[in-house]
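As a plain string of letters, each chain reads:
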Amino acid sequence: MRYDSPYGPFTPYGDPRYYIAMQEEKKLIRRESNRLGWTALLGILLLSVLFDGGIFYCRILQGYQSGPADFRGINPVLFYLIYSLSYALGLFVPVLLYFVLRKIPLSSGLPFEKVGGVKILACVLMGSAGCMLCNFPAGIVVNVEQKFGFQGTIPDMPLSDSSAVLALYVLSVAVIPPIVEEMMFRGMILQGLRRFGDGFAVVASAVLFGLYHGNFAQSVFAFLCGLILGFVVVRTNSLLPSILIHAVNNGVSVVIQMVERYRGAAEAVMAGEIRAAVLLLLGVIAALFLYLKDRNFFQSGPPSLPLRFSQKLGALFSNPGVLMVTVYAVAASVYTLTAA
């Protein structure tokens, strides 16, 4: 079998052009991953700077008068307005900057190909069920952390019983992150790596999505969810299903949190069990529908050459941008674990 490369057609293993093509693809993956890694890190830093800077500015305006401690000493509504705006701009601006500097059309980097409504619904139900199952491996990580004497919990956002605060909380958890995180990880990152193979792009974007969360349990959950979200985007060539899956996952978690807050832990457990049963049933039905409607939906494509998958992953991490994201993730995870 012969394959084409910039150096002409080659036959794998033994043909010098094959090894030249290998080195060239490694270099291209490192270069692109480096750009994407630094852009993702810029998003993380910009989010933090905007949020902390906004809190500091508001405290100066109010003369450092003490507000609720949980809300960093400022009005709770103002706290969530700053958080929501910081999250939206912190991730969107680097993504937009990346596309502008690389001269990549938004329609290419942020695909929203027309997909039938029934197919979108099926993808959302299947994906939501899959993301729900990802809670179990994350729970195992929490249990391991607790066995070693750590609290093993994920820090919660502060809340009050104000309707305005609760509405802004829903906005900042179930609306804004699904949009901007999908733009960054299934848009900029996944689309930027697809030329090296869809399977690699899905896994690489999921890895960076996990690292982004900076918490061991959340990273495991986010990585597994990232595989599901990336798979759906590759199969539909649209970010819309992944945004909706992400929103459903976060939104259902908020609902269960509210049930626990206002109705007690027992009813929250019951709500969680109902969620699991309903999502699993609908997810299986949706997966069967997608399989029957399109037999190619779950089939993997031919392996891409010249690099093996493991070699591509090695190239993904052998550049400063992704290494810095990894350093951030480890440092943030250790800090969160010890500070909990």
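In case you missed it, the structure is sitting above this.
Residues numbered from 1 in each chain as written. Predicted model: local features only at pLDDT ≥ 70, side-chain atom pairs only at ≥ 80, totals over all residues. Heavy atoms only, no water.

Before going further, it helps to spend a moment on the nonpolar core. Residues Tyr80, Tyr87, Met184, Met188, Ile189 and Leu193 are the most contacted members of the largest nonpolar core, which totals 79 residues. Counting residues per element, this core draws most heavily on helix α6 (residues 163–193), at 14 residues. Not counting the four nearest positions on each side in its chain, Ile189 is found in contact with Leu36, Met184, Ser205 and Leu208. (Core = buried A, V, L, I, M, F, W, Y, C linked by side-chain atoms within 4.5 Å. Buried < 20%, exposed > 50% of the residue type's maximum accessible area, 1.4 Å probe, protein only. Helix = DSSP H or I, 4+ residues; strand = E, 2+ residues; numbered from the N terminus. Contact = heavy atoms within 4.5 Å.)

For the rest of this paragraph, the subject is the packing of aromatic side chains. Between two aromatic rings, the relevant description is the distance of the centres plus the angle of the planes. Going through the model one piece at a time under the given rule, you end up with 15 aromatic pairs. Ring geometry for Phe51 against Tyr83: centres 5.6 Å apart, planes inclined by 85°, an arrangement best described as edge-to-face. One end of the pair, Phe51, is in helix α1 (residues 16–61); the other, Tyr83, is in helix α2 (residues 76–102), with 32 residues separating them in the sequence. The exposure classification of Phe51 matches that of Tyr83, with both residues buried. A ring pair is formed by Phe185 and Tyr212, whose centres lie 5.2 Å apart and whose planes are at 55°; its orientation type is tilted. Here the residue Phe185 occupies a position in helix α6, and Tyr212 occupies one in helix α7 (residues 198–212), the gap between them amounting to 27 residues. Taken individually, Phe185 and Tyr212 each receive the classification buried, so the pair is uniform in this respect. Linked through ring pairs, Phe51, Phe71, Phe79, Tyr80, Tyr83, Tyr87 and Tyr169 together constitute an aromatic cluster. Looking at Arg186, its charged tip hangs above the ring of Phe209, at a distance of 4.2 Å from the centre. (Phe/Tyr/Trp six-rings, centres within 6.5 Å; stacked < 30°, edge-to-face > 60°. Lys NZ or Arg CZ within 6 Å of the ring centre and 35° of its normal.)

A side chain of one charge can pair with a side chain of the opposite charge if their charged atoms are brought near each other. Throughout the structure, instances matching the rule amount to 9 salt bridges. The salt bridge partner of Asp52 is Arg72, with a shortest N-O separation of 3.1 Å. You can see Asp52 sitting in helix α1 and its partner Arg72 sitting in the loop between α1 and α2, a full 20 residues away along the chain. For Arg72, a relative accessible area of 37% translates into the label partly exposed. (Salt bridge = Lys/Arg side-chain N within 4 Å of Asp/Glu carboxyl O.)

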